[in-house]
Amino acid sequence: MTTPRRLPPQQREFSAPRQVWYASFGSNMHRSRLECYLSGGRPSGGRRAQPGCRDPRPPERALPLMLPGELYFALESSLWTGGTAFYDPAGEGRTAAQAWLVTAGQFSDIAAQEMHRAPGEDLDLREVLTSGRDERGTGRYETLVCAGTVDGCPVLTFTAPWRRGDVEGNAPAESYLRHLASGLAASHGWSGERIADYLATRPGAAGHWSAEEIEALLPAPSEAPLRN
């Protein structure tokens, strides 16, 4: 399993990238969900349609990653209801993610949609690529994080500005868990048992969802993961 190569802050230098790895730890691990952000549309089980990117082309590559830090569920999702997934890069353990190799412009438009903003403007990635973090607002997905590099391209994601312990956990909805479970199966190739144990032990879900209940949500395999 690939882990991004971390660079000490003093060794980071800014160079505007043409491509980046967008590391999704939530529902965008599933390709059909990501396509709604790229070409527009409403995902199955979701409440809101996405406008899509200026460049709707599919990602060039995909790669399962394990990010250092902790996945947890908190707040209330306006799309799925129930708690939504956040990533605390300073937390304990590791977080399963699917990295999509997209253009810097596509990443900008995906991030804008997650921030509930209109896509169409390229992000200035200078701060996140030099310091590893860029808080662009106080919203739930308005903090950019650089988790390192893979094959010379930066691994970028977005999350909340707070730490996991700063907010109260909230259990995710069934439809949201189903998407996460399906995305983990497609990207990482994990067994249903491993997926269920992973999700059931994340803060916010722990104590509300059992591994057995989550495993029962898993659909039959229907989508092969995009490989290099």
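As the structure is a prediction and not an experimental result, all values here were calculated from the model.

Student: Can you lay out the pattern of salt bridges for me, pointing to particular residues and giving the numbers?
Tutor: A pair can form between side chains of opposite charge whenever their charged atoms are brought close. Counted under the stated rule, the structure contains 11 salt bridges. Taking the shortest distance from any N to any O, the salt bridge between aspartate 109 and arginine 54 comes out at 2.8 Å. In this pair, aspartate 109 sits in helix H2 (residues 104–114) while arginine 54 sits in the loop between helix H1 (31–39) and strand E2 (61–68), placing the two residues 55 residues apart along the sequence. Since its relative accessible area comes to 1%, aspartate 109 is described here as buried. Here arginine 178 and glutamate 174 are joined by a salt bridge, their closest N and O atoms 2.7 Å apart. Of this pair, arginine 178 and glutamate 174 both sit in helix H4 (residues 174–188), four residues apart, roughly one helical turn. Among the residues examined, arginine 178 registers a relative accessible area of 31% and is labelled partly exposed. Since its relative accessible area comes to 39%, glutamate 174 is described here as partly exposed. Shared partners join several salt bridges into a network, and the residues in it are Arg54, Asp109 and Asp122.

Student: Give me the lowdown on the layout of surface pockets, citing residues and values where you can.
Tutor: Reported here for the largest pocket is a volume of approximately 300 Å³. What lines the largest pocket is a set of 24 residues, among which Tyr37, Thr84, Glu114, Tyr141 and Tyr176 lie closest to the centre. Those elements that place two or more of their residues in the lining of the largest pocket are strand E1 (19–24), H1, strand E4 (84–88) and strand E8 (153–159). Among the elements that line the lining of the largest pocket, the one with the most residues is E1, at three residues. Within the lining of the largest pocket, the residues separate by chemical class into 10 nonpolar, nine polar and five charged.

Student: If you had to explain the packing of H4 against helix H5 (residues 192–200) to someone new, which residues and values would you point to?
Tutor: Where H4 meets H5, the axes come as close as 10 Å, and the angle between the chain directions of the two elements is 130 degrees. Judged on the interaxial angle alone, H5 and H4 are oblique. Note that H4 runs across H5; the crossing there is right-handed. Here Leu177, Leu180, Ala181, Leu184 and Ala185 of H4 come into contact with H5, specifically with Ile195, Tyr198 and Leu199. Tallied by class, the residues present in the contact of H4 with H5 amount to eight nonpolar, no polar and no charged.

Student: Pulling in residues and values, what's your account of the packing of aromatic side chains?
Tutor: On inspection of all chains with the given rule, the structure shows 10 aromatic pairs. Considering the side-chain rings of phenylalanine 73 and tyrosine 176, the 6.3 Å spacing of their centres and the 85 degrees angle between planes classify their relative orientation as edge-to-face. Of the two residues, phenylalanine 73 is situated in strand E3 (residues 70–74) and tyrosine 176 in helix H4; the sequence distance between them amounts to 103 residues. Here the two residues phenylalanine 73 and tyrosine 176 agree in accessibility, since each one is buried. Relative to tyrosine 198, the ring of tryptophan 190 has its centre 5.4 Å away and its plane inclined at 75 degrees; by these criteria the two rings are edge-to-face. You'll find tryptophan 190 and tyrosine 198 in the same group, each marked buried. Grouping aromatic residues by their ring pairs yields a cluster made of Tyr72, Phe86, Tyr141 and Trp162.

Student: Give me the nonpolar core: which residues, what numbers.
Tutor: Grouped burial of nonpolar side chains is what soluble globular proteins tend to show. Counting 66 residues, the largest nonpolar core has Phe73, Phe107, Leu125 and Leu199 as the members making the most contacts within it. With six residues, the top contributor of residues to this core is strand E5 (residues 94–103).

Thresholds, definitions, all that
- Residues numbered from 1 in each chain as written.
- Predicted model: local features only at pLDDT ≥ 70, side-chain atom pairs only at ≥ 80, totals over all residues.
- Heavy atoms only, no water.
- Salt bridge = Lys/Arg side-chain N within 4 Å of Asp/Glu carboxyl O.
- Helix = DSSP H or I, 4+ residues; strand = E, 2+ residues; numbered from the N terminus.
- Buried < 20%, exposed > 50% of the residue type's maximum accessible area, 1.4 Å probe, protein only.
- 1 Å grid on protein atoms, 1.4 Å probe; cavity = no way out; pocket = protein on both sides within 12 Å on 5 of 7 lines; lining within 4 Å.
- Points joined across faces, edges and corners; volume = space filled by probe spheres on them.
- Nonpolar A, V, L, I, M, F, W, Y, C, P; charged D, E, K, R; others polar.
- Axes fitted to C-alpha atoms, helices over the stretch in contact; angles between N-to-C directions.
- Parallel < 35°, antiparallel > 145°, perpendicular 65-115°, else oblique.
- Left-handed = near helix turned anticlockwise from the far one by under 90°.
- Contact = heavy atoms within 4.5 Å.
- Phe/Tyr/Trp six-rings, centres within 6.5 Å; stacked < 30°, edge-to-face > 60°.
- Core = buried A, V, L, I, M, F, W, Y, C linked by side-chain atoms within 4.5 Å.

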